[in-house]
Amino acid sequence: MQTALFVLLVAVAGTSGEMFVSRAMKSIGEVTSFRPEAIARVVVRALASAWMWAGLGMMALAFFSLLVLLSGANVSFVVPVTALSYVMAALGGRFFLGEHVNANRWLGVCLVCAGVALVWAG
Amino acid sequence: MPSGQHLRGQQLRGKTATMIVLMVVFGSAGDTLMGKGMRAVGPPATWSLAPVVTFLVQAAGSRAVWMGFASLLLFFLSYMLVLTWADFSYVLPASAASFAVVPLLGHFFLGEEVSPVRWAGVTLIALGVWLVGNTQPRTTPSTPPGTTDAEPASEAPVTAASAKGD
């Protein structure tokens, strides 16, 4: 039961953390210069976004939940969590970030999900 | 004659592909170096304060851990930058290429055995990344670059624009 809770935390907190970071970065607008000072300004702007901190907080929560799980003996949960994170990302992109996920992208996401599961399991 | 919009699309694909390659390279290198450093240090004897502090001090003394940390920072920076213009639902599956690249590198450079199940996984990931890579990197309206203080709205210069399509 406790393990299931931490697995859920790793999956949900990890994916939502990345979505929040994505939201923060989208709001900054497309980077067109890759000079160090321009990149530094983008990082500073990102760190001023509440979404960025919410995202980093969720990712930290996922990371520590993962550490708790890894301290236990059974690590078989890693496979479904890692693989499903791609499907959750597509869902989050569609419903939280308003992206258009077309049939090809869905198919690609499902293949990646199955492929990652096989690579882990093999 | 390719239209301006077509060129812009090509440019967007090019710089997205470049950033994803950087993510795959720095992410894989970071994970590998961090894993190597941490394995050399070994886990803390118990999860109480003193052994954990000793563990952290030992980890901080490891060159591999620092190099891994630096690689992971560069990975996250590439990730942040690419998300300023590309879809999250494009970047994440495309960056899964690292799961295919690591077994391939292990096989061809280190002579590691790759099981048939893993080969099947690598093939599926490659197909999936190819499919996702053929969709539009951005499907949401872009925030005009002028609204950021990254740079005045000059057309993508220097480094990233040189890459090929997918």
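Since this is a predicted model, take the numbers as computed values, not measurements. Position numbers for residues start from 1 in each chain and track the written sequence from start to end. Naming scheme: in the order in which they are written, chains are lettered from A and ligands are numbered from 1. With pLDDT at 70 or above as the cut-off, local features in this predicted model cover only qualifying residues; side-chain atom pairs require 80 or more to be listed or tallied, and sums for whole chains, interfaces and linings still use all residues. Water and hydrogen atoms play no part in the side-chain values, which are based on all heavy atoms of the structure.

Re the overall build of chain B
- Only DSSP runs of H or I reaching four residues or more are called helices, and only runs of E reaching two or more are called strands; each is numbered from the N terminus. Across its full length, chain B holds six helices and zero strands.
- N-terminal to C-terminal, the α/β element order of chain B is α-α-α-α-α-α.
- Taking contacts inside chain B between residues at least 6 apart in sequence as the whole, the part at least 24 apart equals 78%.
- Areas reported as accessible are Shrake-Rupley estimates using a 1.4 Å probe. Residue values count occlusion only from the protein chains shown. For chain B, the accessible area works out to roughly 9,000 Å², and carbon and sulfur atoms hold 70% of it. By definition in these notes, contact holds between two residues if any of their heavy atoms fall within 4.5 Å.

Some remarks on the overall build of chain A
- Of regular secondary structure, chain A possesses five helices and zero strands.
- Dimensions of chain A along its principal axes, counting C-alpha atoms only, are 45 × 35 × 25 Å.
- Exposure classes here rest on a 1.4 Å probe applied to the protein chains alone. A residue is buried below 20% of its type maximum, exposed above 50%, and partly exposed in between. Evaluated residue by residue, chain A yields a buried proportion of 44% over its 122 residues.
- When contacts within chain A are restricted to residue pairs at least 6 apart in sequence, those whose partners lie at least 24 apart make up 76%.
- Split by element, the accessible area of chain A, about 5,800 Å² in all, is 74% carbon and sulfur.

What to know about the confidence of the model for chain B
Residues and elements named next belong to chain B.
- pLDDT runs from 0 to 100 and stands for how confident the predictor is about each residue. Counting all residues, the mean pLDDT for chain B is 81, and 84% of those residues have values of 70 or more.
- Per-element confidence in chain B ranges from a low mean pLDDT of 82 for helix α5 (residues 97-110) to a high of 94 for helix α3 (residues 63-82).
- Segment residues 146-166: pLDDT under 50, and 45 contacts once partners within four positions in sequence are set aside and those in other chains are kept.

Notes on the environment of Ile20 of chain B
- Within the secondary structure layout, Ile20 of chain B lies in helix α1 (residues 4-41).
- According to the relative accessible area criterion, Ile20 of chain B is buried, its value standing at 8%.

A look at the pattern of salt bridges
- A pairing counts as a salt bridge when a side-chain nitrogen of Lys or Arg comes within 4 Å of a carboxyl oxygen of Asp or Glu. Considering all chains together, one arrives at six salt bridges over all chains under this definition.
- With its nearest N and O atoms 2.9 Å apart, the salt bridge here joins Asp87 of chain B to Arg105 of chain A. Placement of Asp87 of chain B in the loop between α3 and α4 (88-95) and of Arg105 of chain A in helix α5 (residues 103-121) is noted, with the two residues assigned to different chains.
- Residue Asp87 of chain B is classed as buried on the basis of its relative accessible area of 0%.
- One salt-bridge network, held together by shared partners, links Lys26, Glu99 and Arg105 of chain A together with Asp87 of chain B.

Points about the packing of helix α1 (residues 2-28) of chain A against helix α4 (residues 78-95) of chain A
All names here are of chain A.
- Lines are fitted to the C-alpha atoms to define the axes, a helix being fitted only along its stretch in contact, and any angle between axes, read from their N-to-C directions, falls within 0 to 180 degrees. Look at α1 against α4: their axes get within 10 Å of each other, and the N-to-C directions meet at 40°. In terms of axis orientation, α1 runs oblique to α4. Pair α1 / α4 crosses with right-handed handedness. Here Val7, Val10, Ala11, Val12, Thr15 and Met19 of α1 lie close against α4, whose contacting residues are Val81, Ser85, Met88, Ala89, Gly92 and Gly93. Note on angle classes: values under 35 degrees are labelled roughly parallel, values over 145 roughly antiparallel, values of 65 to 115 roughly perpendicular, and the remainder oblique. The hand of a helix crossing depends on one turn: near helix anticlockwise from the far one by less than a right angle means left-handed, and clockwise means right-handed.

Some details on the environment of Val109 of chain A
- For Val109 of chain A, the location among the structural elements is in helix α5.
- Taking the relative accessible area as the measure of exposure, Val109 of chain A reaches 0% and is therefore buried.
- Measuring from C-alpha to C-alpha, the distance between Val109 of chain A and Met58 of chain A comes to 23 Å, with 51 residues separating the pair along the chain.
- With sequence-adjacent residues up to four places away left out, Val109 of chain A is seen in contact with Tyr86, Val87 and Ala90 of chain A together with Pro93 and Val132 of chain B.

What about a nonpolar patch on the surface?
Residues and elements named next belong to chain B.
- Where nonpolar side chains cluster on the molecular surface, the patch consists of Val101, Leu105, Phe108, Phe109 and Leu110 and spans about 580 Å² of accessible area.
- Considering the arrangement of structural elements, one finds Leu110 in helix α5.
- On the basis of relative accessibility, which here comes to 65%, the residue Leu110 falls in the exposed class. The residues that make up patches have over 30% relative accessible area and no salt bridge, and they are joined within 9 Å when like-charged or within 5 Å when they are Val, Leu, Ile, Met, Phe, Trp or Tyr.

Things to note about the interface of chain B and chain A
- With 55 residues of chain B at the contact, the number on the chain A side is 53 residues.
- For the pair chain B and chain A, the two sides together bury roughly 4,500 Å², of which 68% comes from carbon and sulfur.
- The interface formed by chain B and chain A holds four salt bridges in total.
- When the shortest N-O distance is used, the salt bridge between Glu30 of chain A and Arg138 of chain B registers 3.1 Å.
- In protein, a polar contact means a hydrogen-donor-capable atom and an acceptor-capable atom, both N or O and within 3.5 Å, with residues adjacent in sequence counting only if both atoms are side-chain atoms; elsewhere, any N or O pair within 3.5 Å suffices. At the boundary of chain B with chain A, the tally comes to 15 residue pairs in polar contact (both at pLDDT 80 or more).
- Contributions of two or more residues to the side of chain B that touches chain A are made by α1, α3, α4, α5 and α6 (116-133) of chain B. Summed over both partners, the accessible surface that disappears when two parts come together, traced with a 1.4 Å probe, is what is meant by buried area.

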